[in-house]
Amino acid sequence: MTSATPPSSRSSSPQKVCHSQTQTDVLKPLLGGGGSGGGGTLRRRRRVLSKDGRSNVRIEHISGRSALYMRDLWTTFLDMQWRYKFFLFTATFAGTWFLFGVLWYLVALVHGDLLEFDPPSNHTPCVLQMQTLTGAFLFSLESQTTIGYGFRCITEECPAAIILLIIQLVITMVMEIFITGTFLAKVARPKKRGETVKFSQHAVVSTHEGRPCLMIRVANMRKSLLLGCQVTGKLLQTSLTKEGETVRLDQRNVPFQVDTSSDSPFLILPLTFYHIIDDNSPLRAWAAKGGGWTDPELADFELLVIMSATVEPTSATCQVRTSYLPDEILWGYEFPPVVSLSPSGKYVADFAFFDKVAKTKTTPVFKSSSPQHVFQGGGGVPMPEVADPEKIRLELSYRERGEDGGRVRDSSPLSVRISNV
């Protein structure tokens, strides 16, 4: 993707701009890797958000990052991948068993209960049948897991052993509650529920009720409902401010709706969400060129689509995300129907047609409703792009009256302001 470059950055050295405390290179492509080849060869594009909703942003150079993660252990454990979580789970329990086994061995060592001390027959140990390090490890494991074989047990001889047993049970109980809670929370996260919500692989642009509309298709692949569905879009695009600052990944809202409403659609069947491309749409410049996604200046964007809903069985909030690059938005195509009526009278959603698109009979055309003035003719008189014959006739008659009246006209062109009414 090619970034918009201000006039002052035409020098050989790349201009550095600062936005959101991040220094970036204006001349570096935003989503593309390298320049485009000859013959209109498209550049390989990078995504900010993958098709399955995962972030491709890498975070670097954070001071005290480990300390920040350790302060929020709950979120750290939830975000941890399963293989690391299982390893940490196993290492935590095995480590506490061995650690307290060593402490029990030291108690027996101080009290003289070990075999190398050859205790007399009337000697009462702190823990019965614990005379080696292996025995101490097994007693620690049996105490922590409350197995209780009845072979090894603590006696009333050593107060220090009683205190150590209490400390071990309290600490390990808290650890078990925390680790088990993170396991349950990770399994019950609505992220897995979001995997049963499907977005269409492509977005299409076609005419809907006389206006060009960007359309995406969303489906719930479970029978359990999603309540309060809200679909919003974010357009990530390089923009240039009035002050000449280049803003990378500038976010602009792209509203979506179903038919004439955007409030809580009933997602029991696959639905098509519309974004009307008008003068207020951030896609108007791209649509004015007929969806020219091969143009590096117009194809400098990524469309993120986010759906938020409430899972009916658990009342948990679920968010599903995807993204569309310009070459994944098909101009002049539409989605074929996926819902049909079976012979038994039931509605059937056939997902074999979910990602399929069909060419429209008429190509959508974007027309701006607000007149834009351009210079026409040799006199340089500003004329409306959408010309009104009556206004042009009045302007020409005004100019003719000015010439017939013998007015002195200077070399500068005559400027006439025409009302938009």
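Residues numbered from 1 in each chain as written. Predicted model: local features only at pLDDT ≥ 70, side-chain atom pairs only at ≥ 80, totals over all residues. Heavy atoms only, no water.

## What about the packing of helix H3 (residues 82-111) against helix H5 (residues 159-187)?
Between H3 and H5, the least distance of the axes is 11 Å, while the angle of their chain directions is 175°. On the basis of their axis angle, the class for H3 and H5 is roughly antiparallel. Broken down by class, the residue content of the contact of H3 with H5 amounts to 16 nonpolar, 5 polar and 3 charged. (Axes fitted to C-alpha atoms, helices over the stretch in contact; angles between N-to-C directions. Helix = DSSP H or I, 4+ residues; strand = E, 2+ residues; numbered from the N terminus. Parallel < 35°, antiparallel > 145°, perpendicular 65-115°, else oblique. Nonpolar A, V, L, I, M, F, W, Y, C, P; charged D, E, K, R; others polar.)

## Digging into the state of the cysteines
All told, the structure shown has 1 disulfide when counted by the stated rule. Free of any disulfide, Cys318 has its nearest cysteine sulfur in Cys229, 9.0 Å distant. (Disulfide = S-S within 2.5 Å.)

## Considerations on the confidence of the model for the chain
Averaged over all residues, the pLDDT of the chain equals 77, while 74% of them reach at least 70. Low confidence marks residues 1-30, where pLDDT is under 50. Its contacts with residues over four positions away, or in another chain, come to 64 contacts. Here residues 372-387 is modelled with pLDDT under 50, and outside its nearest four sequence neighbours on either side it reaches 25 contacts, counting other chains as well. (pLDDT = per-residue confidence, 0-100. Contact = heavy atoms within 4.5 Å.)

## Let's talk about the sheet that holds strand S7 (residues 246-255)
Taken in spatial order, the 4 strands line up as S7-S6-S9-S10 in an open sheet, and their pairing is antiparallel. Only two strands of the sheet have a single neighbouring strand rather than two, namely S7 and strand S10 (317-324). Direction aside, the axes of adjacent strands within the sheet are offset by 25° on average. Here strand S9 (residues 301-311) pairs with S10 via 8 bridges, running antiparallel. Its bridge partner lying in S10, Ser308 is registered against Gln319. (Pairing = 2+ DSSP bridges.)

## Side note on the environment of Thr75
Among the structural elements, Thr75 can be located in helix H2 (residues 73-79). Assessed through its relative accessible area of 34%, Thr75 is described here as partly exposed. C-alpha of Thr75 to C-alpha of Thr182: the two residues are 107 residues apart in sequence and 8.8 Å apart in space. Reaching out from Thr75, the side chain makes a polar contact with the side chain of Asp72 at a distance of 2.8 Å. (Buried < 20%, exposed > 50% of the residue type's maximum accessible area, 1.4 Å probe, protein only. Polar contact = N/O pair within 3.5 Å; in protein donor to acceptor, adjacent residues only side chain to side chain.)

## Considering a nonpolar patch on the surface
Together, Val57, Ile59, Ile62, Leu68 and Tyr69 give the surface a local cluster of nonpolar side chains, amounting to about 460 Å² of exposed area. By secondary structure assignment, the location of Ile59 is in the loop between strand S2 (22-25) and helix H1 (65-71). (Patch = residues over 30% accessible without salt bridge, like charges linked within 9 Å, V, L, I, M, F, W, Y side chains within 5 Å. Areas by Shrake-Rupley, 256 points an atom, 1.4 Å probe, with all protein chains shown as cover. Salt bridge = Lys/Arg side-chain N within 4 Å of Asp/Glu carboxyl O.)

## Description of the environment of Leu78
Turning to its location among the elements, Leu78 is positioned in helix H2. Since its relative accessible area comes to 13%, Leu78 is described here as buried. Separated by 106 residues in the primary sequence, Leu78 and Leu184 place their C-alpha atoms 9.7 Å from one another. Leaving out residues up to four positions away in the same chain, Leu78 has contacts with Thr182, Ala185, Lys186 and Arg189.

## Notes on the pattern of salt bridges
All chains considered together, the criterion is met by 7 salt bridges. Ionic pairing is found between Arg54 and Asp52, a salt bridge with its closest N-O pair at 2.9 Å. Overall, the relative accessible area of 56% leaves Arg54 in the exposed class. The salt bridge involving Glu60 is made with Arg58; its shortest N-O contact spans 2.8 Å. Relative accessible area serves as the criterion here: at 69%, Arg58 is assigned to the exposed category.

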